[in-house]
Amino acid sequence: MSTMDACVLEEWNGPLSIDTVDEPEPGPGEVRVDVRACGVTRTIENAIGGGLSDDPALTPRIPGHEFAGVVDAVGEGVDGLEPGDRVLAYFYLTCGDCAPCRRGEANRCTAFDGWYGVHRDGAYAEKAVLPAENALPLPGGATFAEGAIAADGLATPLHVCRRAAVDDTDTVLVIGAAGRVGVHLSQLAARRGARVLAADVVDDRLEHVDAVTDGAVQPVDVRGDPDDVARRVRKAAGGERNGPSVVVDTVGDVETLRAGWDALAMGGRVVSLTTHHERAFGPLLREFVEKEAAVLGSRYATKNEVVRAAELLADGRISPVVTERVGLEDVPDVHERIRSGESHGMVVLEP
Ligand SMILES: [Zn+2]
């Protein structure tokens, strides 16, 4: 059996190490993919820390789910995929058979079976085995790095924009605008004609958002007392009474979210993307009524949205934000930097 290099996690919240392991073989209904690009991101850092599952039976584990590559072997019973096909990965392990799956809403699968890279080995490796259902076609013209971004970093914002029905009448406050989801969401909302207010905790990270949106976004400082923050956000949105109509929280800081809620315009929508286990946000019931406001959760993306995200990148409607390209041996170090808050945009592993 041949071997390969992989970045392995021995236990949840433990260190990552580079090991030589057996190359995985695709079982029935699975394909093996030669990994060409995989995002090294905060979502994966959260998974490594045990934020999605901390079941010891699932380790040792090869993390990594935001990837694209080329099919190099096909298991028994796989139709429609063959060696040489360019694919990108779908993050959720779903049944393909429940009512939501059948109507194309795999992100709402009622027999959800876990996360790729958490409940089975992922793509921090030279090769990765993927259920054929999770191998989506990478559109011609999209690079592998673009596929890796589309897989989550842009697919998630596409879903958010649909959940909140973002259009040219909206002013969208993006909390955590310099992260990979934030930076692509800011671009996408601006593309849809919305005004975009970009908030992050570090000023120089916002310059980077500015660069990829051609100045279409306006920075807003969300540090400090929540009442002051709410005032500043309303002012940035155009007036004391007229706040943002959409607030998207990619961070999960409850005080900032509260300030965004307080600043919200009439008919506004707050969208939560964070999955912190113990943070709660509970406005008074009358506050929902007074502004006819809504709080929405946004759960990853559909398979169709993942492919559409890759199409947006393939034909240049959205600019991919790759801040660094690294090899497998650099991955543990990148995770250290993500943990210490130094990273922004998206680091791409090219094994
Ligand atoms: Zn299902």
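Parameters and conventions
- Residues numbered from 1 in each chain as written.
- Predicted model: local features only at pLDDT ≥ 70, side-chain atom pairs only at ≥ 80, totals over all residues.
- Heavy atoms only, no water.
- Buried < 20%, exposed > 50% of the residue type's maximum accessible area, 1.4 Å probe, protein only.
- Helix = DSSP H or I, 4+ residues; strand = E, 2+ residues; numbered from the N terminus.
- Pairing = 2+ DSSP bridges.
- Expected span 1.5 Å × (residues − 1).
- Phe/Tyr/Trp six-rings, centres within 6.5 Å; stacked < 30°, edge-to-face > 60°.
- Axes fitted to C-alpha atoms, helices over the stretch in contact; angles between N-to-C directions.
- Contact = heavy atoms within 4.5 Å.
- Donors = N, O, S within 2.8 Å, 3.2 Å for Na, K, Ca; no water.
- Tetrahedral: all angles 85-135°; square planar, octahedral: opposite > 155°, others 65-115°.
- Parallel < 35°, antiparallel > 145°, perpendicular 65-115°, else oblique.
- Left-handed = near helix turned anticlockwise from the far one by under 90°.
- Core = buried A, V, L, I, M, F, W, Y, C linked by side-chain atoms within 4.5 Å.
- Domains from an automatic or database assignment.
- Buried area = accessible area lost by both parts, 1.4 Å probe.
- Salt bridge = Lys/Arg side-chain N within 4 Å of Asp/Glu carboxyl O.
- Polar contact = N/O pair within 3.5 Å; in protein donor to acceptor, adjacent residues only side chain to side chain.
- Nonpolar A, V, L, I, M, F, W, Y, C, P; charged D, E, K, R; others polar.

The name given to the protein chain in an unreviewed UniProt entry is NADPH:quinone oxidoreductase, with the source organism recorded as Natronobacterium lacisalsi AJ5.

Draft legend 1. Molecular detail of the pairing of strand E4 (residues 67-74). Of all 8 residues in E4, 6 are buried; the element is thus mostly enclosed. Here strand E3 (residues 30-40) pairs with E4 via 7 bridges, running antiparallel. What sits directly across from Asp34, in E4, is Val70. As paired strands, E4 and strand E5 (residues 86-89) are joined by 3 bridges and run antiparallel to one another. Within E5, the residue paired with Val70 across the bridge is Arg86.

Draft legend 2. Looking closely at helix H4 (residues 180-191). The end-to-end C-alpha distance of H4 is 17 Å, a good match for the 16 Å that 12 residues give at a rise of 1.5 Å each. Of all 12 residues making up H4, 10 are buried, and the element is well covered by its neighbours. Those residues of H4 lying buried are Arg180, Val181, Gly182, Val183, His184, Leu185, Ser186, Gln187, Leu188 and Ala189. Gly193 lies just past H4 and shows a positive phi near 90°.

Draft legend 3. Here's a closer look at the packing of aromatic side chains. Throughout the structure, instances matching the rule amount to 10 aromatic pairs. Between the aromatic rings of Phe91 and Tyr300, the centroid separation amounts to 5.7 Å while the plane-to-plane angle is 90°, which identifies the pairing as edge-to-face. Of this pair, Phe91 sits in the loop between E5 and helix H2 (99-102) while Tyr300 sits in the loop between strand E13 (294-297) and helix H9 (303-314), and the two are 209 residues apart along the sequence. The residues Phe91 and Tyr300 share a single accessibility class, namely buried.

Draft legend 4. Region of interest: the sheet that holds E13. Taken together, the 6 strands give an open sheet; going across it, the order is E10-E9-E8-E11-E12-E13, and neighbouring strands pair in parallel fashion. Lying at the two open borders of the sheet, with one neighbouring strand each, are strand E10 (217-219) and E13. Within the sheet, the average angular offset between the axes of one strand and its neighbour, ignoring direction, is 20°. The pairing of strand E11 (residues 246-249) with strand E12 (residues 269-272) spans 4 bridges and is classified as parallel.

Draft legend 5. Representation of the side chain of Ser298 within the structure. Here Ser298 is to be found in the loop between E13 and H9. Discounting residues that sit within four places of it in the chain, Ser298 has contacts with His159, Val160, Arg163, Val271, Ser272 and Leu273.

Draft legend 6. View of unusual backbone geometry. Cis geometry marks the peptide bond from Thr59 to Pro60; its omega dihedral reads -5°. Checked against the element boundaries, Pro60 lands in the loop between helix H1 (42-48) and E4. Positioned with a positive phi, Asn13 is a non-glycine residue whose angle comes to about 70°. Looking at the secondary structure, you find Asn13 in the loop between strand E1 (3-9) and strand E2 (16-22). Looking at Asn13, the relative accessible area reads 61%, which means it is exposed.

Draft legend 7. Structural view of the coordination of the zinc ion. Taken together, Cys95 (SG), Cys98 (SG), Cys101 (SG) and Cys109 (SG) make up the full set of protein donors to the zinc ion, lying 2.3 to 2.4 Å away. Taken together, the 4 donor atoms coordinating the zinc ion span angles of 105 to 120° at the metal, a pattern that classifies the geometry as tetrahedral. As a motif over one chain, the donors of the zinc ion read C-x2-C-x2-C-x7-C. One end of the pair, Cys95, is in the loop between E5 and H2; the other, Cys109, is in the loop between H2 and strand E6 (127-131), and 14 residues separate them in sequence. When its relative accessible area of 35% is taken as the criterion, Cys95 is described as partly exposed.

Draft legend 8. Layout of the packing of helix H6 (residues 226-237) against helix H7 (residues 254-263). Between H6 and H7, the least distance of the axes is 8 Å, while the angle of their chain directions is 45°. By the criterion of interaxial angle, the relationship of H6 to H7 is oblique. Here H6 and H7 pass one another in a crossing that is right-handed. Residue-level inspection shows Pro226, Val229, Ala230, Val233 and Arg234 of H6 in contact with H7, the latter providing Glu255, Ala259, Asp262 and Ala263.

Draft legend 9. Here's a closer look at the nonpolar core. The biggest cluster of nonpolar side chains holds 99 residues, and the ones touching the most others in it are Val31, Phe67 and Tyr124. Both domain 1 (3-152 + 301-349) and domain 2 (165-297) contribute no fewer than three residues apiece to this core. Within the second largest apolar cluster, 19 residues are counted, among which are Val220, Ala230, Val233 and Ala263.

Draft legend 10. Geometry of the domain arrangement of the protein chain. Splitting the protein chain by domain gives domain 1 (3-152 + 301-349) and domain 2 (165-297). Relative to domain 2, the C-alpha centre of domain 1 lies at a distance of 28 Å. With 19 residues of domain 1 at the interface, the matching set in domain 2 holds 13 residues. A combined buried area of about 1,300 Å² lies between domain 1 and domain 2, and 54% of that area is made up of carbon and sulfur atoms. In this assembly, domain 1 and domain 2 are joined by 2 salt bridges. A salt bridge links Arg180 to Glu66; the nearest nitrogen and oxygen atoms lie 2.8 Å apart. Linking domain 1 with domain 2 are 6 residue pairs in polar contact (both at pLDDT 80 or more), by the criterion used here. Broken down by secondary-structure element, the contributors of at least two residues to the side of domain 1 that touches domain 2 are H1 and helix H3 (144-163). In terms of residue class, the side of domain 1 that touches domain 2 is built from 6 nonpolar, 10 polar and 3 charged.

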